[in-house]
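Inside the fold
Now for the letters of each chain:
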Amino acid sequence: MKKIILVFLLSLSVVIMLPAQAIIPPTPITTTIDLSTVFSGAIPDGSAPWLQATFTSNAGSSTGTLTLDSLLTNPDFVQG
């Protein structure tokens, strides 16, 4: 009798938790890094940072997105 009640309660908890997980959307994780170090070549005109990297992923996901944005303005010039 105790096993039947235990199995029933376990099954009930699973049934209750499934819809709750389906309603909660994944939480996005975003990290932005300003890139202002020149490793080789000439330093760009204008002030640093010259490039911005944004990493975005959902919690628990094994994939994500990398977005690189140039922060150079029209008069800035990059040699080489």
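Cut-offs used in this document
- Residues numbered from 1 in each chain as written.
- Predicted model: local features only at pLDDT ≥ 70, side-chain atom pairs only at ≥ 80, totals over all residues.
- Heavy atoms only, no water.
- Helix = DSSP H or I, 4+ residues; strand = E, 2+ residues; numbered from the N terminus.
- Buried < 20%, exposed > 50% of the residue type's maximum accessible area, 1.4 Å probe, protein only.
- Contact = heavy atoms within 4.5 Å.
- Areas by Shrake-Rupley, 256 points an atom, 1.4 Å probe, with all protein chains shown as cover.
- Pairing = 2+ DSSP bridges.
- Axes fitted to C-alpha atoms, helices over the stretch in contact; angles between N-to-C directions.
- Patch = residues over 30% accessible without salt bridge, like charges linked within 9 Å, V, L, I, M, F, W, Y side chains within 5 Å.
- Salt bridge = Lys/Arg side-chain N within 4 Å of Asp/Glu carboxyl O.

Helix and strand counts for the protein chain stand at 1 helix and 3 strands. Each helix and strand of the protein chain, placed in order from N terminus to C terminus, yields the pattern α-β-β-β. Residues counted as buried form 6% of the 80 residues belonging to the protein chain. Considering only contacts within the protein chain whose residues lie at least 6 apart along the sequence, 32% involve residues at least 24 apart. A total accessible area of about 6,800 Å² is found for the protein chain, and carbon and sulfur atoms account for 66% of it.

So, about the sheet that holds strand β2 (residues 51-58). In a beta sheet, neighbouring strands pair by backbone hydrogen bonds and run either parallel or antiparallel. Pairing in this open sheet of 3 strands is antiparallel, and the strands run β1-β2-β3 from one edge to the other. Each edge of the sheet is formed by a strand with only one pairing partner; in this case those strands are β1 (28-35) and β3 (64-70). Strand-to-strand twist in this sheet, taken as the mean axis angle between neighbours without regard to direction, amounts to 15°. Looking at chain direction, β1 and β2 are connected through 8 bridges and run antiparallel. Across the sheet, residue I33 finds its bridge partner in β2, namely A53.

The next thing to look at is the environment of W50. As for its placement among the helices and strands, W50 is situated in the loop between β1 and β2. The sequence separation of W50 and V38 amounts to 12 residues, and the corresponding C-alpha distance is 9.5 Å. If we skip the residues at most four places from it in the chain, W50 touches L35, S36, T37, V38, I43, P44, D45, D69, S70, L71 and L72.

Taken together, the side chains of I33, L35, F55, L66 and L68 define a hydrophobic patch exposed on the protein surface, amounting to about 440 Å² of accessible area. Contributing elements (two or more residues each) for the nonpolar patch: β1 and β3. With respect to the helices and strands, the residue L68 is situated in strand β3. Residue L68 is classed as exposed on the basis of its relative accessible area of 52%.

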